[in-house]
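Working through the structure, step by step
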Amino acid sequence: MPASVAKDIEKIMRNFLWGSSTTTLILKNGASIQFWSDKWDRNFVLKDRFSSIYKLSKQKKVYVKDMISTNGVWNFSFKRNLNEQKAGEIANLLHLLEDFTIAVHTNEEEDDRKWNFATEFSVDSCYTSLEIDGFLVFPHKQIWNPKIPLKVSFLVWCLCHNGAPTLEFLHQAGKVNSPTCHLCNEETENQETIKSKLWEWSVKKNRNMIKRIWGILPFAIWWTIWRERNNRVFNNKKRSIEQLIISVKYTLL
């Protein structure tokens, strides 16, 4: 895996698992919580609430613990002397911090985070956190199905997250001559149009064998169409509808 891709995945994972929407910071000794950038005081970030003071601060990446002196006094360091207005803002900030002064100064326990979707973190609660208004954004149970080849699941995963290498993207990167869809020869192939051709399927209920087939049939169709698209784009080869149907049936065997 390219280092840049691994770095992006790590960043996405870190923001999801440790972002303010999924976890809540529990301030204890303040040794690992950033004073200005983390949401630990009430329901806001101090650098946003007191932006003018933050701009003047010399300690923009300081931790909460390091902001308190050995005498239990909040220690601010600014680039220049503050005018009367800025001094008033400091007074308001100190008023907000009153409840934390003694607690942080005397606490030796390490800071913690609370997972917002369950008492303890689990894979199940992680998927729950992906729900918006009761609708699951990422259909994990259908996509990561052990009966479906991993390369097919990965294709559908990319489609879910608007990450498929569409002709529009490849055209902008100079990899293909035209962004026009090779399946309809009419519209530009982008994330929305490619999903409209692959994604309009639902699972039907019936007897066990039929249920199993309908559970994996959409994946067989999506994979067949995707391979046909690639053959038309990169190999200049085209199959008939009848041949594609046979290919779908063969994939299900």
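Since the model is a prediction, treat every value here as computed from it, not as a measurement.

The next subject is unusual backbone geometry. Here the phi dihedral of Asn185 falls at roughly 55°; this positive angle occurs in a residue that is not glycine. Of note, Asn185 is situated in the loop between helix 8 (167-172) and helix 9 (191-198). Phi is positive for Asn236, which is not a glycine, with a value near 55°. Summarising the element assignment, Asn236 is placed in the loop between helix 10 (208-235) and helix 11 (241-252).

This paragraph deals with the nonpolar core. In terms of nonpolar packing, the biggest core is built from 25 residues, with Phe35, Trp36, Trp40, Leu46, Val64, Trp74 and Phe76 touching the most fellow members. Elements supplying a minimum of two residues to this core: helix 3 (51-56) and helix 4 (84-106). Top contributing element to this core by residue count: helix 4, with 6 residues. Apart from the residues within four sequence positions on either side, Phe35 is in contact with Trp40, Leu46, Val62, Tyr63, Val64, Met67, Trp74, Phe76 and Leu97. In this structure, Ile143, Ile148, Ile194 and Phe219 belong to the second largest nonpolar core, which totals 13 residues.

Reading guide: rules and limits
Residues numbered from 1 in each chain as written. Predicted model: local features only at pLDDT ≥ 70, side-chain atom pairs only at ≥ 80, totals over all residues. Heavy atoms only, no water. Helix = DSSP H or I, 4+ residues; strand = E, 2+ residues; numbered from the N terminus. Core = buried A, V, L, I, M, F, W, Y, C linked by side-chain atoms within 4.5 Å. Buried < 20%, exposed > 50% of the residue type's maximum accessible area, 1.4 Å probe, protein only. Contact = heavy atoms within 4.5 Å.

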